[in-house]
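Listed below, chain by chain, are the residues.
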Amino acid sequence: MRRAWPIAALLLGPCALLIVLRDALPGWAVTPPASWRVPFIEWINAVVEFLRKTPLVADFTFRDGTRAVAGWIEWPLDLLEGILISGFADGAVPSLPWTMIVGLAAVWGWYLRGWRLSLLAGGCVLYLALFGKWKLSMITLSAVLVAAPVAGAIGLGLGILAVKWRGFERILWPLLNVMQSLPHFSYLIPVAVFIGVSHKAGTIATILFAMPPMARLTILGLRGVSPEIVEAGLMAGCTRLQMLRKVEIPAARPTIMVGVNQVIMQCLAMVVIASFIGAKGLGHDLLFRLQSLRIGQALEIGVAIVFMAVTLDRLSQALAAKEPEHLREGAWWRAHPFLGSAAAVVAVTALASFITPYASVLPRELTLTTAPFWDGIVDWVTVNLFDPLNFFRDALLLNVLIPMRTGYQAVPWLAVAVLVGSIGWRLGRARIALPVLGFLAFVMLSGFWARSQITAYMVSFAVLVCAGVGLPLGIWASKHEWRAKLVQLLCDTFQTFPSFIYLIPVIMLFKVGDVAAISAIVIYASIPAIRYTTIGLRSVPHHIIEAATTSGCTPRQILWKVRMPLAFPEIMLGVNQTIMFALFMVIIAAFIGTRDLGQEIFRALTFNDAGKGLVVGLCVAFIGLTADRLITEWAAVRKRELGIG
Amino acid sequence: MEPKISCRGVWKIFGPHPERFFHTHGGAPGPDAFAGSGYIPAVRDATIDVFPGEILVIMGLSGSGKSTLVRCLSRLIEPTGGEILFDGRDLLKATPKEMIELRRHKMGMVFQHFALLPHRTVLHNVAFPLEVQGVARADRLRRAMEVVELVGLKGRESYYPRELSGGQQQRVGIARSLAVEPDVWFLDEPFSALDPLIRREMQDEFLRLQNLLHKTIVFITHDFDEAIRLADRIAIMNEGVIVQIGAAAELVTRPANDYVAEFTREVPRDRLLTVADVMAAGADPDAGAAPVEANAPIHDVARRVLRAEAPLRVVDENGVTQGAISRADVVDALFEDRSGRE
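Residues numbered from 1 in each chain as written. Chains lettered and ligands numbered in written order. Predicted model: local features only at pLDDT ≥ 70, side-chain atom pairs only at ≥ 80, totals over all residues. Heavy atoms only, no water.

Participant: Would you mind showing me how to read the overall build of chain B here?
Facilitator: Scanning chain B from terminus to terminus reveals 15 helices and 14 strands. Along the longest, intermediate and shortest principal axes, the C-alpha atoms of chain B span 70 × 55 × 35 Å. Here chain B holds 342 residues, and the buried ones make up 52% of them. For chain B, the share of sequence-separated contacts (at least 6 apart) that also reach a separation of at least 24 residues comes to 66%. About 15,700 Å² of surface is accessible on chain B, with carbon and sulfur atoms providing 50% of the total. Taken as two groups, the 41 positive and 49 negative side-chain charges of chain B have centres that lie 7 Å from each other. (Helix = DSSP H or I, 4+ residues; strand = E, 2+ residues; numbered from the N terminus. Buried < 20%, exposed > 50% of the residue type's maximum accessible area, 1.4 Å probe, protein only. Contact = heavy atoms within 4.5 Å. Areas by Shrake-Rupley, 256 points an atom, 1.4 Å probe, with all protein chains shown as cover. Lys, Arg positive; Asp, Glu negative; His and termini not counted. Charge placed at Lys NZ, Arg CZ, Asp CG, Glu CD.)

Take a look at the structure:
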């Protein structure tokens, strides 16, 4: 510990010196001159133009190809929409009655985990019907139900290929890193260019966005299969295919199912945002209501999305955790009680729909709405809290945010490079230093340095606030088992909400601007800070705490001298996640008016500028990956030193 | 007798380019060649025969190369050099397809951590090797049920591995390896992960099965007591080298070096050694007192020999005189002479 100060001085000193000597530095060392800009955008757009216009085979351009592929997604989409809402042959074959879907959701929840999940799933779906969101949510659901299996299958396939061919993994892994740090909007633009603006385009963007976690978790799962199990398969005389199908994939099932859960949740998050390129459903209406500042209705749709997210998340998690079960004895409805009840639900609801149309389609006049109530609250806030909120916003802007922004913009790029490079060098020599400097170089040469500084300022302020919220909450939660469980449950729940949702309350309070954007980031990105602090503090080995207690430590001393230092690497991984979350959110927050990279992506989206969208997206990804590289490496080094993990 | 498996000068070297390293050192790299080279010799020049129907125990501490050697014998690990004959055929020349056939019909293996498939019931785990061979469902389930009964798990065939204790899980592992009626049975520290009491029970179970089945067995362990209980012959490995091969009594009475002697020091010699191991063969003392039997453990006869004034006559089971045993023989056998080494 005594050695920490000189090292810190060594790392921070040169950077600080460069900042102090800013005015003495030549201009090129402060702001990258325009002449340095590498025309990445133009290069990408040239490729895009080529692919769009130049026939590759006969008359067919690459874009014709992508459009043809996109056409295939249309029939499963139509099929599901037909089943869930519109029916077939102009209503001659009706869609499933809403009562049946509510009942089946409840039965499924019961089958997977028990009556609590049954109530949750049934209740959430019931809400969608009662509050008049049935049609919209079924459109969204059908898009998720089409996108998730496709994304899952592609991810699974890529993961298997990567495990079987080392060379392919070496290409895929870094690609997955970048893809998982690219902001949502970066996926939208190329899809809009090559497929167009439509519901199916939105679904395709969703597939692309949701695929990487599946590939990653498949790789992790297959690599994690115990070597003995693989050997047992070999000794049984498995062929390669038998090994994969009968041994490796089943043994990796728990991890792969985590991937399935993530794919479903990413699909829902993306299908909401994909409304920017024409995806229909809840997201589309939410976007429309927010743009016209009809907060009450937006909130109601938001709640519907949240309920859908919670239902999908809990059901897929329960499915992942489901262990194989023994068959029961007796007649088939006894042997399969859940199948039996599902059949009963189908029969009863079908009969009910035959008797009364209300059981089939809930008419609009019977649905409830809470929008006036929420509008009332928004009005009340505007009338009564206008002054304090305005005061808070202006004070924050004038005294903190604007000075901080100015400060960030004054930092020479050379100082940032020296800091990042020296930390990287210290952690892992060239292995870490070169990639992070490469990331930085791209941002600098892309022509978006100034915008990136604004993004960096917003993210770092938000991350500071998140740490300020997350650390005390995490410490509080780690004191008791029940608190930890409660916080875990809340974090899990809030994390399932599509990020776009977090804009609603923020718009309600602060309308638009930096303060609103930062508030949205803080709400969203505090989750990992809280979660990792709690987990880190609680996972300190019990015997170490016992040793500290018998040494006569007070609870305070145990916290600060034992648990905190041991949990710190884990907490830093939480900070890393917070930065990633913040970067995702800061781009989405461009919707409510920021002047950073997000705004640039937004413009690119408006003008269908694929090159710009991708380059700005890569800037965001590389900022995130720089932080990620440094922090995860530091945490790994520190954990090794502490002998934990 | 023809050996079932014959392992001639087998090497396994780990490192970036083991083959190249192996050949640049003329196929016999010495300890100096490895120092600072980045290559690790897991198995060095191992030569050993496994005869039909015997239990050969390979004994060594962790890192001694015993697990690597047994995996070379089944080609789960590809040896860097040397030759392995299986029923007289060169195993290292077998194509992947032939290897699959060999493993499907001739080899069975039991693993330290059981290596059961978590998503299959006991019965379907046991039937798994038959399933991958393509045996019809009814046939393979019938056969699996027989083996499940053989290992004493009848009534638990529809349990999942997670619902069984460690000992029961290993019984499943054993049943699975026996389902295809292999000629050669590899057991890689099968009882090391079990509690001492269960371990003993499983060793008895193992001996019971071997009395029924008479397989050719290669058994890996780090526990010398276990080796003594089970082995016909023991091979002791240290740092990748097979130091000595022999029956337990031979290792105790004539250890090849200090390493083997160190292992055998705590062995209960009076129970391990028999009269025949320590007697003066060929001697024919006066037929005064009642004779002792040649195959009796020293423990059973020590009291009598030590109290007798003169050496006692040793006879075989037919009463034919084999030699004589004196007080000095018993004392030397029980109290190892260390004066020479100090």
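Structure shown, so let's carry the discussion forward.
Participant: Whenever I open this one, the sheet that holds strand S3 (residues 55–59) of chain B confuses me. Can you help?
Facilitator: Working definition: the strands of a sheet are paired by backbone hydrogen bonds and lie parallel or antiparallel to each other. Residue and element names in this part refer to chain B. The strand order S6-S7-S8-S3-S9-S10 describes an open sheet built from 6 strands, whose pairing is mixed. Each edge of the open sheet carries a strand with a single partner, namely strand S6 (107–110) and strand S10 (241–246). Averaged over all neighbouring strand pairs, the angle between strand axes comes to 15°, with direction disregarded. As paired elements, S3 and strand S8 (residues 216–221) share 5 bridges and run parallel to each other. Within S8, the residue paired with Ile-58 across the bridge is Ile-220. (Pairing = 2+ DSSP bridges. Axes fitted to C-alpha atoms, helices over the stretch in contact; angles between N-to-C directions.)

Participant: Can you walk me through the interface of chain A and chain B in this structure?
Facilitator: When the parts of a complex come together, some accessible area is lost, and that lost area is often used as the size of the interface. Across the boundary between the two partners, chain A contributes 19 residues, which contact 30 residues of chain B. Buried surface at the junction of chain A and chain B, both sides included, amounts to about 2,100 Å², of which 61% is carbon and sulfur. Contact with chain B buries area across many residues of chain A, yet A:Glu228, A:Met235 and A:Lys246 alone supply 33% of it, more than any other trio. Taken together, the connections running from chain A to chain B amount to 2 salt bridges. With a shortest N-O distance of 2.6 Å, B:Arg71 and A:Glu231 are connected by a salt bridge. Taken together, the connections running from chain A to chain B amount to 7 residue pairs in polar contact (both at pLDDT 80 or more). Examining the composition of the side of chain A that touches chain B, we find that 7 residues originate from one element, helix H12 (residues 227–235) of chain A, more than from any other. Class assignment of the residues belonging to the side of chain A that touches chain B gives a composition of 9 nonpolar, 5 polar and 5 charged. (Buried area = accessible area lost by both parts, 1.4 Å probe. Salt bridge = Lys/Arg side-chain N within 4 Å of Asp/Glu carboxyl O. Polar contact = N/O pair within 3.5 Å; in protein donor to acceptor, adjacent residues only side chain to side chain. Nonpolar A, V, L, I, M, F, W, Y, C, P; charged D, E, K, R; others polar.)

Participant: Even after reading the chapter, I still don't get empty space enclosed by the protein, so can you show me in this structure?
Facilitator: Using a probe with the size of a water molecule, rolled over the atoms, empty space left in the structure can be pinpointed. Across all of its chains, the model carries 1 cavity of 30 Å³ or more by this definition. Approximately 100 Å³ is the volume attributed to the largest cavity. Residue lining of the largest cavity: A:Ala232, A:Met235, A:Ala236, B:Met107, B:Gly108, B:Met109, B:Phe111, B:Pro129, B:Arg176, B:Ser177 and B:Val180, and that is the complete set. Those elements that provide at least two residues to the lining of the largest cavity are H12 of chain A together with S6 and helix H7 (166–178) of chain B. Sorting elements by how many residues they give to the lining of the largest cavity places S6(B) first, with 3 residues. Split by residue class, the lining of the largest cavity holds 8 nonpolar, 2 polar and 1 charged. (1 Å grid on protein atoms, 1.4 Å probe; cavity = no way out; pocket = protein on both sides within 12 Å on 5 of 7 lines; lining within 4 Å. Points joined across faces, edges and corners; volume = space filled by probe spheres on them.)

Participant: Hey, could you run me through the pairing of strand S1 (residues 5–14) of chain B in this one?
Facilitator: Working note: regular strand, side chains alternate between the two faces of the sheet. Residue and element names in this part refer to chain B. Most of S1 is tucked away, with 8 of its 10 residues classed as buried. Here 7 bridges tie S1 to strand S2 (residues 40–50), and the two strands are oriented antiparallel to one another. By the bridge assignment, Ser-6 is partnered in S2 with Asp-49.

Participant: Any chance you could explain helix H3 (residues 40–53) of chain A here in plain terms?
Facilitator: In an α-helix there are 3.6 residues to a turn, and that puts residues three or four apart on one side. All names here are of chain A. With 14 residues, H3 should cover 20 Å at 1.5 Å per step; its first-to-last C-alpha distance of 20 Å lies within 8% of that length. Where H3 is concerned, the buried positions are Phe-40, Ile-41, Val-48 and Leu-51. For H3, the angular spread of the buried residues around the axis is 95°, confining them to a single face. In this structure, H3 carries Trp-43 and Lys-53 as exposed residues pointing more than 90 degrees from its buried face. Buried-residue contacts for H3 involve strand S2 (60–61), helix H4 (62–72), helix H10 (184–194), helix H21 (413–445) and helix H29 (610–642). (Expected span 1.5 Å × (residues − 1). Arc of directions from axis to C-beta.)

Participant: Whenever I open this one, the domain arrangement of chain B confuses me. Can you help?
Facilitator: All names here are of chain B. For chain B, the assigned domains read domain 1 (50–79 + 90–264) and domain 2 (271–341). With 7 residues of domain 1 at the interface, the matching set in domain 2 holds 4 residues. Taking both partners together, domain 1 and domain 2 bury about 450 Å²; carbon and sulfur atoms supply 77% of that area. The interface formed by domain 1 and domain 2 includes 0 salt bridges. At the boundary of domain 1 and domain 2, one finds 0 residue pairs in polar contact (both at pLDDT 80 or more). (Domains from an automatic or database assignment.)

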